[in-house]
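# Structural characterization, general
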Amino acid sequence: MNQKSQEFLTKYLNNASPTGFEASGQQIWLDYIKPFTDTYFTDKYGTAVGVINPDAKFKVVIEAHADEISWFVNYIDDNGYIYVVRNGGSDHQIAPSKRVNIHTEKGIVKGVFGWPAIHVRDKTSEKSPSLKNIFIDVGAESKQEVLDMGVHVGTVITFDDEVFKLNKKFWCGRALDNRIGGFMIAEVARRLHEEGKKLPFGLYVVNSVQEEIGLRGAEMIAARIKPDVAIITDVCHDTASPMYEKQLQGDQKCGLGPVLAYGPAVHNNVLKMLIEVAEKNKIDFQRHASSRSTGTDTDAFAYSNEGVPSALISLALKYMHTTVETAHESDIEKVIELMYQFIIQLPADHDFSYLK
């Protein structure tokens, strides 16, 4: 990670890109990756793709998703308090006392998730935060005052938190899930460009939208590109942090390298090649088993078109879907390295089929 890439990472993570409203973040990403690719294109919903060797018949995808969880204004009461619904898997339990940005056509309106003071709560029947009782205060005293600010039902809301470093080795902030993936695939493109690597196939660096509400952007772009193989990167849980059950959630820890997934959507021959590449290049890695589906864009690519051999490289992450998502810098570097090494050793027209 050089100075320029760190500046990009910080700018990219700090920018708000809620599901369905990813355009500003996608522009930041495109501006960074354009010099490292031959061309680019976008689709109507905002997925962005940088392409190396666009005329090649054999197509390889490396992919991440660009959207972050958020909230929608759902109801404004007569006293000016705002009630919300989720846009993606937003966590109601972390909301109280958080600052928010409400994204209106007039600009950002600042607000806070309020909560009753500890002094007045009954310890014997204390209510937990839920979608029924969390609310946002924008300093208004009436519904009309809120409306006059440009806030209305359907306005999107994000937490107001920025990225920072913990102990000089952990990146911490909101929306590492999965804009850190967008950063990593962009860095692969940068490295290929700066090291002058010539690929025998077309490489499609894909930053998809709307993953958090059902892998929708990946579904659309997979149908358009029709790739021959896809490597997806996303995040998974650091189960060494408190309150996880490894018997149920697996055994992954920040700092121990990329996490390679097993599951029906993961093509075993692609996975085998990834493992061989990791072992040859002495890249430490971990393993995770997915029951039924991975829950990531891997599923969308694998089951698209006539079937696309796909694999998932995950980044171990602490505190997913909070404002303090935390990832180890060495893991970020190793995911980039694994994707890079996989790409430069992949032959043109490689057939991953099980039966030949």
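For the structure, check the block above.
Here's a quick rundown of the structure. Values in this document were obtained by computation on a predicted structure and should not be read as measured data. (Residues numbered from 1 in each chain as written. Predicted model: local features only at pLDDT ≥ 70, side-chain atom pairs only at ≥ 80, totals over all residues. Heavy atoms only, no water.)

## Concerning helix α7 (residues 268-280)
Keep this limit in mind: The helix count covers DSSP runs of H or I at least four residues long, the strand count covers runs of E at least two residues long, and both are numbered beginning at the N terminus. Helices are assigned an expected span. That span is 1.5 Å times one less than the residue count. Partly exposed residues are those whose accessible area sits between 20% and 50% of the maximum for their type, while under 20% is buried and over 50% is exposed, using a 1.4 Å probe and protein chains only. Only heavy atoms matter for contacts: two residues are in contact if any of them lie within 4.5 Å across the pair.
For α7, with 13 residues, the first-to-last C-alpha span of 18 Å sits near the 18 Å given by 1.5 Å per residue. Of all the positions in α7, only Val270, Leu271, Met273, Leu274, Ile275, Val277 and Ala278 are classed as buried. Residues of α7 that are buried sit in contact with β13 (229-237), β14 (259-262), β15 (286-289), β16 (310-317) and α9 (329-345). One or two steps after α7, the chain reaches lysine 282, where phi turns positive at roughly 55 degrees.

## Details of unusual backbone geometry
Along the chain, aspartate 177 connects to asparagine 178 via a cis peptide bond; the corresponding omega equals 0 degrees. The residue asparagine 178 is located in helix α4 (residues 176-194) in this model. Unusually for a residue other than glycine, asparagine 53 sits at a positive phi of about 60 degrees. In this structure, asparagine 53 sits in the loop between β2 (48-52) and β3 (59-65). Take asparagine 53: its relative accessible area is 26%, and that puts it in the partly exposed class. Positive phi outside glycine occurs at leucine 215, with the angle close to 65 degrees.

## Examining the environment of phenylalanine 352
As for its position among the elements, phenylalanine 352 is in the segment after α9. According to the relative accessible area criterion, phenylalanine 352 is buried, its value standing at 3%. C-alpha separation for the pair phenylalanine 352 and aspartate 228, spaced 124 residues apart in sequence, amounts to 9.0 Å. Sequence-distant contacts of phenylalanine 352, defined by excluding residues within four places in its chain, comprise Val229, His267, Asn269, Val270, Met273, Pro309, Phe342 and Leu346.

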